[in-house]
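Chain by chain, the residues run as shown.
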Amino acid sequence: MSRKAPVTAPAATRRRAPGSDETASGGTGALAHLHTELADWFSREARDLPWRAGDRTPWGVLVSEVMLQQTPVVRVLPVWREWMERWPNPADLAAEPSGEAVRAWGRLGYPRRALRLHAAAAVIVAEHGGELPDTEEALRALPGVGSYTAAAVAAFAFGRRATVVDTNIRRVHARLLGGEALPAPALTAAEQRRAAALLPEDTALSVAWNAAAMELGAVVCTARSPRCAACPVAAECAWRAAGEPPPTYTPRGQAWHGTDRQVRGAVMAVLRAAEHPVARVLFEAPVPGAAGPPAGGAVTAALGRLHALGTGPDQLERAVAGLLADGLAVEEAGRLRLP
DNA sequence: GAGGCGTGGGG
DNA sequence: TCCCCAAGCCT
């Protein structure tokens, strides 16, 4: 805790009333200024998202948070609406086979999230009477709910004071306070401490602060080309003050072409398209003299996309084994289907 | 702690 | 075109 004050606002804006401090407890310091600036900006500019609406439910917030893990808002929106219409409560989802969740997940990516959401619904029904628990600790115990999602649901669904740290907030803090272009590749303890120290003491303000920092990172303080002209706190930004230095490291892109992940995705696309189990041999390679397509055109097309990858039999075997192990697929009598 | 895990849009 | 990356989680 011997680091310099995290807020590096221009000296002219530092006005410390007698007896005030520079902690997150509020007051008239530079940090309190940031709190109000961002909260005001959020109240004016926040996107009108359904999981933020007045009629939102904790379940809807949880579903949105899980869907938004590594998936952009624009792609989540239609799927989230379908889920809420079909499964307005955890019990509604828990009553269906997990494969239905996977199918309804569509192409959001990382389908294990759908499986975990289904499992979370079952836990909510079995252990919490069908209602979302309202503490970070209990939320954190749900499948697929990590520290970020637990804090986000606690804050945005239940109005609790929680330290929310996602990639947007990390980037905003790194620039605004750290003077760096990007946060570290992985979340550090120092970042978590900084985020906790920045959180307003006032509960309502803390919720607004979390939401505002996330929103700022999502629509203004973006990773690629930040729109600093639209930033309400650009004047206090340490990164700008430092002359916008470039990142000190080059992010490593994820391999994709030729990976198991690519094959898994293509196999899952077949299973989602299929209303009936699909013979495993059909995944291996095109069947030249086959009597006909195994099912509708969508399945044939998905199989064609899988075959176009030119995957070797060993890798396909490995990919399918992985899907079976993850519970994303079930094999019976030589045929594959969703669970 | 590093790596695995989908998908599609935008620079 | 290619490459990054988008409200992470789990092992």
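- Naming follows an unreviewed UniProt entry, where chain A appears as Adenine DNA glycosylase of Sinomonas atrocyanea.
- You can read under Cofactor (unreviewed entry) in the UniProt record for chain A the words "[4Fe-4S] cluster".
- UniProt, in the comment section headed Catalytic activity (unreviewed entry), describes chain A in these words: "Hydrolyzes free adenine bases from 7,8-dihydro-8-oxoguanine:adenine mismatched double-stranded DNA, leaving an apurinic site."

Some remarks on the protein's contact with DNA strand B
Okay, so step 1: Within the structure, DNA strand B sits among 17 residues, and Arg107, Pro111, Arg261, Arg264 and Gly265 are positioned closest to it.
Okay, so step 2: Restricting the count to atoms of DNA strand B within 4 Å of the protein gives a sugar and phosphate share of 59%.
Okay, so step 3: The side chain of Arg112 places a nitrogen or oxygen atom 2.9 Å from a sugar or linking oxygen of DNA strand B.
Okay, so step 4: Separating a phosphate oxygen of DNA strand B from a backbone N or O atom of Gly265 is a distance of 3.3 Å.
Okay, so step 5: Going through the elements one at a time, α6 (112–128) and α13 (260–273) are the ones with two or more residues in the surface near DNA strand B.
Okay, so step 6: Of the residues assigned to the surface near DNA strand B, the class counts are four nonpolar, five polar and eight charged.

Some thoughts on the pattern of salt bridges
Okay, so step 1: Under the definition given, this model contains 15 salt bridges.
Okay, so step 2: Of the charged contacts in the structure, one is a salt bridge between Arg161 and Glu201, with a shortest N-O distance of 3.5 Å. Of this pair, Arg161 sits in the loop between α8 (147–156) and α9 (167–176) while Glu201 sits in the loop between α10 (189–198) and α11 (203–219), and the two are 40 residues apart along the sequence.
Okay, so step 3: When salt bridges with common partners are traced through the structure, they connect Arg86, Glu96, Glu100 and Arg103 into a single cluster.

Details of the sheet that holds strand β3 (residues 335–337)
Okay, so step 1: Taken together, three strands build an open sheet; the order of strands is β1-β3-β2 and the sheet is antiparallel. Two strands in the sheet have a free side with no partner beyond their single neighbour: β1 (278–279) and β2 (330–332).

With respect to the confidence of the model for chain A
Okay, so step 1: Confidence in the prediction for chain A averages 91 pLDDT; 89% of positions are at 70 or higher.
Okay, so step 2: Taken together, the stretch residues 1–22 has pLDDT below 50 and engages in 26 contacts with residues farther than four places along the chain or on a different chain.

Thresholds applied
- Residues numbered from 1 in each chain as written.
- Chains lettered and ligands numbered in written order.
- Predicted model: local features only at pLDDT ≥ 70, side-chain atom pairs only at ≥ 80, totals over all residues.
- Heavy atoms only, no water.
- UniProt positions renumbered as here; feature names shortened; annotations may be inferred.
- Near = heavy atom within 4 Å.
- Polar contact = N/O pair within 3.5 Å; in protein donor to acceptor, adjacent residues only side chain to side chain.
- Helix = DSSP H or I, 4+ residues; strand = E, 2+ residues; numbered from the N terminus.
- Nonpolar A, V, L, I, M, F, W, Y, C, P; charged D, E, K, R; others polar.
- Salt bridge = Lys/Arg side-chain N within 4 Å of Asp/Glu carboxyl O.
- Pairing = 2+ DSSP bridges.
- pLDDT = per-residue confidence, 0-100.
- Contact = heavy atoms within 4.5 Å.

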